[in-house]
Amino acid sequence: MATLLLLPGDGIGPEVCAEVRRVAAALTPDLEIQEAPYGGASYDAHGTPLLDEVRDQAIASDAVLMGAVGGPQWASAPRHLRPEAGLLNLRKAMDVFANLRPAYCFEALAGASSLKPELVSGLDIMFVRELVGGVYFGQPRGVEDLPDGQKRGFDTQVYTTSEIERVGRVAFEMARGRRNKVHSAEKSNVMESGLLWKQVITELHAREYPDVELEHILADNCAMQLVRAPKQFDVIVTDNLFGDILSDAAAMLTGSLGMLPSAAIGDPGKPGLYEPIHGSAPDIAGKGLANPLAAILSFEMALRWSLKQPEAADALLAAVKAALDNGARTRDLGGALTTREMGDAVLAEL
Ligand code: IPM
Ligand code: MG
């Protein structure tokens, strides 16, 4: 039997994960769901955001779905014990190097975007963000004292050939199943690692994926194009830091952060890490106001990419679309449904 490890975490995480549990019980009753402490909740109970045994349990499961981590109450914890450190350590331990972040506009929500509906109607972008390398993990890093009394803070942006190739492959493969176009975003005009990124992607493309259309784009221009004419994009592959920033901008084009899931995958056969891209939203936590659709759609991605149940994934996606078409809206979408009522609306369609 396949196992899914749920890591509800902090803020609205537990509420939205509860709806995933109900959907899973109805849709995939054979799936074994385990749950473990994570993030700030784990720090409060166990003094660390990620226990070694939870990390090992994650690696041993078939898929991991997390709710959200972080909140103002942990801002003064030592950096290596903050909820965010637990997230970065889990990504690294699971070696989930390719972060798939769809920016997909549900037709029923085209009017909710900050851009004109005609610019976003039909929008369907897939970000492939490198997730376990780059400046997030590069050494050396630190803050040092200078002789003149100043401090000097530094981080290292670093990529190797194989790190670029493996995430590039995911992007090209993804494009073949979509509209066959990849944009590779970097700053090769300024950064040495960006120049290497561009060269490696160019060679990989020529060697293994000549049938896919490839365009190189500078990351700043990519940001501009995303808000000018976002429908020109199909798959965008980029590094960890640019991917963090560009995918947030793209997410907002779709109307609501409460709608978007993500998947982080590694080598075939290894478990993926799935998470809604919204944060822990401490201002609305515990009030039943959160939109559970991003978490439910993260489960949909887990069914597709890790649990190998594409029919169940299709059924779930169709149920979410139908619920939206029938007017189901939580507060972030301009409606009044509670978290649980939105879960009910999806269950009714299933
Ligand atoms: C994200 C988040 C994380 C990141 C933070 C919480 C460490 O912003 O998943 O995009 O920067 O990767
Ligand atoms: Mg981010």
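This one's a predicted model, so the numbers in the text were calculated from it and none came from an experiment. (Residues numbered from 1 in each chain as written. Chains lettered and ligands numbered in written order. Predicted model: local features only at pLDDT ≥ 70, side-chain atom pairs only at ≥ 80, totals over all residues. Heavy atoms only, no water.)

All right, on to the overall build of the protein then. The number of helices and strands found in the protein is 12 helices and 12 strands. Computed over C-alpha atoms, the radius of gyration of the protein comes to 20 Å, within 12% of the 20 Å expected from 2.2 N^0.38 for 350 residues, which places it in the range of a compact globule. Seen along its three principal axes, the alpha-carbon backbone of the protein occupies a region of about 60 × 50 × 40 Å. Put simply, the protein has 350 residues, and 52% of those count as buried. Contacts in the protein between residues far apart in sequence, at least 24 positions, make up 75% of those at least 6 positions apart. Accessible surface, the protein as shown: approximately 14700 Å² in total, 53% of it carbon and sulfur. Looking at the protein, you have 32 positive and 47 negative side-chain charges, and the mean spots of the two groups are 3 Å apart. (Helix = DSSP H or I, 4+ residues; strand = E, 2+ residues; numbered from the N terminus. Rg over C-alpha atoms; globule rule 2.2 N^0.38 Å. Buried < 20%, exposed > 50% of the residue type's maximum accessible area, 1.4 Å probe, protein only. Contact = heavy atoms within 4.5 Å. Areas by Shrake-Rupley, 256 points an atom, 1.4 Å probe, with all protein chains shown as cover. Lys, Arg positive; Asp, Glu negative; His and termini not counted. Charge placed at Lys NZ, Arg CZ, Asp CG, Glu CD.)

Under the domain assignment used here, the protein contains domain 1 (1-96 + 266-350) and domain 2 (101-257). For domain 1 and domain 2, the distance between their C-alpha centroids amounts to 23 Å. Residue-level contacts link 19 residues of domain 1 with 17 residues of domain 2. Buried area between domain 1 and domain 2, both sides added, is near 1700 Å², and the carbon and sulfur share of it is 68%. In terms of surface lost to domain 2, no three residues of domain 1 exceed R91, K92 and I277, which account for 30% of the buried area on that side. Inspection of the region where domain 1 meets domain 2 yields 1 salt bridge. (Domains from an automatic or database assignment. Buried area = accessible area lost by both parts, 1.4 Å probe. Salt bridge = Lys/Arg side-chain N within 4 Å of Asp/Glu carboxyl O.)

Before going further, it helps to examine the pairing of strand β4 (residues 98-104). Taking burial as the measure, the 7 residues of β4 include 6 buried ones, the bulk of the element. Pairing geometry for β4 and strand β5 (residues 124-130), over 7 bridges, is antiparallel. For L100, the partnering residue across the bridge sits in β5 and is V128. Across 3 bridges, the pairing between β4 and strand β11 (residues 263-265) is antiparallel. If you follow N99 over to β11, its bridge partner there is A264. (Pairing = 2+ DSSP bridges.)

We now examine unusual backbone geometry. Put simply, Q139 and P140 share a cis peptide bond, and its omega is 0°. Here P140 lies in the loop between β5 and β6 (142-145). The phi torsion at N180 lies on the positive side, around 65°, for a residue other than glycine. Position of N180 among the secondary structure elements: in the loop between α6 (161-176) and β8 (181-186). If you check the backbone angles, K308 has positive phi at about 55° while not being a glycine. Along the chain, K308 falls in the loop between α10 (293-305) and α11 (310-325).

In this section: the packing of aromatic side chains. Applying the stated criterion across every chain, the model contains 3 aromatic pairs. Geometrically, the ring pair formed by Y104 and F106 is edge-to-face, given 5.0 Å between the ring centres and 80° between the ring planes. Centre to centre, the rings of F172 and Y209 are 4.9 Å apart; their planes meet at 20°, and the pair counts as stacked. Of this pair, F172 sits in helix α6 while Y209 sits in the loop between α7 (192-208) and β9 (213-218), and the two are 37 residues apart along the sequence. When the ring centre of F137 is taken as reference, the NZ or CZ atom of K92 above it lies at 4.6 Å. (Phe/Tyr/Trp six-rings, centres within 6.5 Å; stacked < 30°, edge-to-face > 60°. Lys NZ or Arg CZ within 6 Å of the ring centre and 35° of its normal.)

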